[in-house]
Amino acid sequence: MAGGAVVAYSLNLRDETGMLMLPLTAAQILWINLLTDGLPALALAFDRTPGVMRQKPRPADSPLLDRASVRFVVSVGILKALLALGVLGLVPMFGYSLEVTRAAAFHFMAVGQLFLTYPSRHTWMRPLPNPYLHAAVVGGVVIQFAAASLPAVSNLLGNAAISVELWAVVFVGAFVSWGSSEVIARIVWRHGEGPGRR
């Protein structure tokens, strides 16, 4: 949000009242949290990781996240933020309104976050395929489409309707984010770092 405000200021992206364009509205932020945390979190409860219960317990003074996890979270967070800022900065240059630009960034953040569920579950151990997770991600994408298509919901989310061309931008950005995050996951856990190491 802070980076988006800086981009809006540097490119002088303002609405009809002269106010700087916020990257996302409060309703959009809440929607993303609800959509990307709800269904995938329930599906992840069915993950199966062979051998995980044979691992030794972590020391009592271990941090909640080990170094590899922190590296992954920070790297992927920065990557996704830069892609979202790219959407905010580039879409207006092709003649789209600020409202449509914000909607495109909103859909990218939501769909991209659903896709990031896959690399986020990979650590130094690899869980088995989870059909419930596939259903949750597909269902989340369908719900996101519905949010843009149904006028009542779209208006509540700040007029979230976008064109087919911008949907293509959303999905290209989401797949780039997903693929890059898979690479990052393999790099940060390439040494097979276990639960007892920091």
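Structure: above.
This structure is a prediction, so every number in the text was calculated from the model and none was measured.

Criteria and thresholds
- Residues numbered from 1 in each chain as written.
- Predicted model: local features only at pLDDT ≥ 70, side-chain atom pairs only at ≥ 80, totals over all residues.
- Heavy atoms only, no water.
- Salt bridge = Lys/Arg side-chain N within 4 Å of Asp/Glu carboxyl O.
- Helix = DSSP H or I, 4+ residues; strand = E, 2+ residues; numbered from the N terminus.
- Buried < 20%, exposed > 50% of the residue type's maximum accessible area, 1.4 Å probe, protein only.
- Arc of directions from axis to C-beta.
- Contact = heavy atoms within 4.5 Å.
- Core = buried A, V, L, I, M, F, W, Y, C linked by side-chain atoms within 4.5 Å.

### Considering the pattern of salt bridges
Reasoning step 1: Inspection of every chain in the model, using the stated rule, returns two salt bridges.
Reasoning step 2: Across the salt bridge formed by D47 and R121, the nearest N and O atoms sit 2.6 Å from each other. Taken together, the residues span a long stretch of sequence, with D47 in the loop between helix 2 (26-44) and helix 3 (67-90) and R121 in the loop between helix 5 (117-120) and helix 6 (131-149) at a distance of 74 residues.
Reasoning step 3: The buried category is assigned to R121, whose relative accessible area is 14%.
Reasoning step 4: Put simply, R186 and E182 hold a salt bridge, and the shortest N to O gap is 2.9 Å. Here R186 and its partner E182 are both found in helix 8 (residues 164-188), four residues apart, which amounts to about one turn of the helix.

### Points about helix 1 (residues 2-10)
Reasoning step 1: Within helix 1 the residues assigned to the buried category are G4, V7 and A8. Projection of helix 1 onto a plane perpendicular to its axis shows the buried side chains occupying an angular sector of 100 degrees, all on one side. Residues A2, V6, Y9 and S10 are exposed on helix 1 and point more than 90 degrees away from its buried face.
Reasoning step 2: For helix 1, the secondary structure elements touched by its buried residues are helix 3.

### Some remarks on the environment of Q113
Reasoning step 1: Looking at the element boundaries, Q113 is found in helix 4 (residues 98-115).
Reasoning step 2: Sequence separation of Q113 and P127 is 14 residues, and the distance between their C-alpha atoms is 19 Å.
Reasoning step 3: In this view, Q113 contacts T36, K80 and F108; residues no more than four positions away in its chain are not counted.

### Concerning the nonpolar core
Reasoning step 1: Within the largest apolar cluster, 37 residues are counted, with the highest numbers of intra-cluster contacts made by F106, V111, F115, V170 and F171.
Reasoning step 2: Every element with two or more residues in this core is listed here: helix 2, helix 3, helix 4, helix 6 and helix 8.
Reasoning step 3: Residues within four places of F115 in sequence aside, it is in contact with V137, V141, F171, A174, F175 and W178.
Reasoning step 4: Counting residues in each nonpolar core, the second largest holds eight residues, with L116, I184, V188 and W189 among its members.

So far we have only geometry, and geometry alone does not tell us how the molecule works.
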